[in-house]
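Analysis of the macromolecular model
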Amino acid sequence: MKFNLDVCKIEASKHFVLKYMRQWGWDFVDLREALKCAYKIEKVGNKKYEAYSRRDGSKKIVFVYYFELDTIFVITGSEGD
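For clarity, every value in this text was computed on a predicted model and none was experimentally measured. (Residues numbered from 1 in each chain as written. Predicted model: local features only at pLDDT ≥ 70, side-chain atom pairs only at ≥ 80, totals over all residues. Heavy atoms only, no water.)

A tally of helices and strands in the protein chain yields two helices and five strands. Scanning the protein chain from its N terminus toward the C terminus, one meets helices and strands in the order β-α-α-β-β-β-β. Projecting the C-alpha coordinates of the protein chain onto the three principal axes gives extents of approximately 30 × 25 × 20 Å. For the protein chain, restricting intrachain contacts to residue pairs at least 6 apart in sequence, the fraction spanning at least 24 positions comes to 40%. Summed over all atoms, the accessible surface of the protein chain reaches about 5000 Å², with 50% contributed by carbon and sulfur. (Helix = DSSP H or I, 4+ residues; strand = E, 2+ residues; numbered from the N terminus. Contact = heavy atoms within 4.5 Å. Areas by Shrake-Rupley, 256 points an atom, 1.4 Å probe, with all protein chains shown as cover.)

The residue S53 is located in strand β3 (residues 48-53) in this model. Polar contacts involving the side chain of S53 include one to the main-chain amide nitrogen of R55, which spans 3.3 Å. Filtering out sequence-adjacent residues up to four positions away, S53 remains in contact with A34, A38, Y39, S58 and K59. (Polar contact = N/O pair within 3.5 Å; in protein donor to acceptor, adjacent residues only side chain to side chain.)

Within the sequence span of helix α2 (residues 28-36), burial applies to D30, L31, A34 and L35. On an axial view of α2, the arc spanned by its buried residues comes to 135 degrees, and they lie on one face. Tucked into the core, α2 has its buried residues touching β1 (9-12), α1 (14-24), β2 (40-43), β3, β4 (59-66) and β5 (71-79). Where α2 starts, the residue carrying a side-chain oxygen 3.1 Å from the main-chain nitrogen of V29 turns out to be D27. (Buried < 20%, exposed > 50% of the residue type's maximum accessible area, 1.4 Å probe, protein only. Arc of directions from axis to C-beta.)

On to α1. Given 3.6 residues per turn, any residue in an α-helix points the same way as the ones three and four places further on. Among all positions in α1, only F16, Y20, M21 and W24 are buried. Down the axis, α1 shows its buried residues gathered within 90 degrees of arc, on one side only. Turned more than 90 degrees away from the buried face of α1, the exposed residues are K14 and R22. For α1, the secondary structure elements touched by its buried residues are β1, α2, β4 and β5. Just downstream of α1 lies G25, where phi reads positive at about 70 degrees.

Our focus in this paragraph is the sheet that holds β3. Strands belonging to one sheet form pairs held by backbone hydrogen bonds; the direction of such a pair is parallel or antiparallel. Read from one edge of the open sheet, five strands run β1-β5-β4-β3-β2, paired in mixed fashion. With one partner strand each, in any of the chains shown, β1 and β2 form the two edges of the open sheet. For this sheet the average axis-to-axis angle between neighbouring strands, irrespective of direction, equals 30 degrees. When β2 meets β3, the two strands line up antiparallel, connected through four bridges. Residue K40 lies in a different strand from β3, and its bridge partner there is Y52. Of the strands in this sheet, β1, β2, β3, β4 and β5 touch α2, which is tilted by about 110 degrees from β1. (Pairing = 2+ DSSP bridges. Axes fitted to C-alpha atoms, helices over the stretch in contact; angles between N-to-C directions.)

And the structure:
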C-alpha cells in the first residue's frame with residue numbers, strides 16, 4: 001500500500017453513506033478504523049482497491065485512492081461471509 005490511513009483524507013459516495021454507513025451505524029471514524037484494521041487489501045485496478053474487514057461482522061469496502069490528492073474515496077461496500 002502506498003497510502004497512510006492515519007493522515008489521508010477519506011470521502012464516501014452518497015450511495016455508500018446512505019446505504020451502508022447508516023445500516024452499519026458507522027461514521028467516518030469507524031470507516032477509517034475498519035480500513036486500518038482490514039485483514040486484506042487487494043489492488044483490483046489502477047487506483048481501485050478492495051478492503052476486507054471483520055469490524056461488526058464481515059465487510060468488503062471498495063474504494064479508490066487518488067495519490068495526487070492523498071484521498072481515499074469509498075465507492076461501495078457489501079457484507080456477509
